[in-house]
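Report on the structure
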Amino acid sequence: MALAELTASPSSSAYANTALRVSYVFTQNRRLHLSPRLNPRITCSVVSNEVQAPVAVSTEDLKKKAECYGVFCLTYDLKAEEETKSWKKMISVAVSGAAGMISNHLLFKLASGEVFGQDQPIALKLLGSERSFQALEGVAMELEDSLYPLLREVSVGIDPYEVFLDVEWALLIGAKPRGPGMERAGLLDINGQIFAEQGKALNAVASRNVKVIVVGNPCNTNALICLKNAPDIPAKNFHALTRLDENRAKCQLALKAGVFYDKVSNVTIWGNHSTTQVPDFLNAKINGLPVKEVIKDSKWLEEEFTVKVQKRGGALIEKWGRSSAASTAVSIVDAIKSLVTPTPEGDWFSTGVYTAGNPYGIAEDIVFSMPCRSNGDGDYELVKDVVFDEYLWTRIKKTEAELLAEKKCVAHLTGEGIAVCDLPEDTMLPGEN
């Protein structure tokens, strides 16, 4: 990796006409460090004959971009030069587990403008580990080579207190997978420690209105741990990803009804992102009609449909030999877009959110997937016009019981005393064998 030393001519004031003296030395250091000298030092992934129109970067700016990567250290300051009436103010998005397969699909969607819009400049902050840092650099190189005009900054790091600084969105994907012979309680503890630390970091340095989507499993209880460790951030801002489950449910209903999946609406996933999740066909619609009026086969709805959705991840692994990285990335995109785009009239979407004050009678103080609507401002409200029957409510209470038991398992991570782990059964996550 090359290290560039830039010195601005004292007579220049405009970015485009700045005269620079550029010299290169090579270093094996992975982390990017700033030296408190008159001439700031920045790491750069390009060699000297690849530099195109380098610009002056002030020491103050570099302090804000201490982990900037490659060409992103040399791009013009958007506020100083390129903010126009047609482009919005740049947003900062952190992604943990950024060297993983899900992120490998997701990051390029974020950078392209597919998620936040073609008028939304973005800064990506990539969080990894010591072991994955070289892979993180590879991801950053690919982002460089993709030449996304909306991608204004990329930074890489292993310290959440640095990576989460001032972020407005935090997509927490990185987590340890469940290994052979590992009990669910063990997974809760191992990953819970990760999300407790990340919650503390968000609380310390992130935007006060940061939106957090937890993907790493068990995502509902990890989201609860995270929000409990971030008391200065509204609990309402934390989400557990259940959108992939919703997408899978829509697909199965569409297949059974013989329609395209855009005809399926009002699908809710209730509860935990596990095999106790409850795909709700009672309130769902096909072509605007209740599902049960279109699909008359009650046995299929109550048995085959529910199980297919709950175990779809495992079925995919059997066929594909790996977990659902690409469709998970798509569902993260869908989840974000549901919060930044007004919900179509009469419809709703599923997301795991904090249950305080919910209108359904679901236990308080857990993260539970429920139906929501948004005005497109990043916020949401719970849908009130849903109905329950005995079949649906019985299954909701089962997934609620699992989440309450998980909560007791991680009490030592949420500040609620000694953990007591007595899970009703060792249920699996969607995608586990």
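Note that this is a predicted model, so its numbers are computed, not measured.

**Some remarks on the layout of surface pockets**
Volume-wise, the largest pocket comes out at about 1400 Å³. If you go around the largest pocket, you meet 49 residues; those closest to its centre are I173, G174, A175, K176 and P177. Taken together, the elements giving at least two residues each to the lining of the largest pocket come down to α3 (101-112), α6 (184-205), α8 (243-257), α11 (312-320) and α12 (325-340). No other element matches α6, which puts 5 residues into the lining of the largest pocket. Of the residues in the lining of the largest pocket, the class split is 21 nonpolar, 19 polar and 9 charged.

**Description of the environment of C68**
Residue placement: C68 occurs in the loop between α1 (59-64) and α2 (78-82). Look at C68 and you get buried, because its relative accessible area is 7%. Through-space distance from the C-alpha of C68 to that of A140 is 9.9 Å; in sequence the pair is 72 residues apart.

**A closer look at the pairing of strand β4 (residues 91-96)**
Of all the 6 residues making up β4, 6 are buried; the element is thus mostly covered by neighbouring parts of the structure. Here β4 shows two buried faces, one formed by I91, V93 and V95 and the other by S92, A94 and S96. The pairing of β4 with strand β5 (residues 122-127) spans 6 bridges and is parallel. Looking at β5, one finds that V93 is bridged to L124. After leaving β4, the chain enters α3 and then returns to the sheet as β5, a path that is right-handed. Pairing analysis gives 4 bridges linking β4 to strand β7 (residues 169-172), with the strands arranged parallel. Note that in β7 the partner of V93 across the bridge is W169.

**Notes on the nonpolar core**
Core analysis: the biggest nonpolar cluster contains 57 residues, and V93, L110, L124, L126 and W270 have the highest contact counts within it. Excluding residues within four positions of it along the chain, L110 makes contact with V93, V95, V115, F116, I122, L124, L171 and I336. Counting residues in each nonpolar core, the second largest holds 34 residues, with L188, F238, C409 and L413 among its members.

The rules we used
- Residues numbered from 1 in each chain as written.
- Predicted model: local features only at pLDDT ≥ 70, side-chain atom pairs only at ≥ 80, totals over all residues.
- Heavy atoms only, no water.
- 1 Å grid on protein atoms, 1.4 Å probe; cavity = no way out; pocket = protein on both sides within 12 Å on 5 of 7 lines; lining within 4 Å.
- Points joined across faces, edges and corners; volume = space filled by probe spheres on them.
- Helix = DSSP H or I, 4+ residues; strand = E, 2+ residues; numbered from the N terminus.
- Nonpolar A, V, L, I, M, F, W, Y, C, P; charged D, E, K, R; others polar.
- Buried < 20%, exposed > 50% of the residue type's maximum accessible area, 1.4 Å probe, protein only.
- Pairing = 2+ DSSP bridges.
- Right-handed = clockwise from strand over helix to strand, strands pointing away.
- Core = buried A, V, L, I, M, F, W, Y, C linked by side-chain atoms within 4.5 Å.
- Contact = heavy atoms within 4.5 Å.

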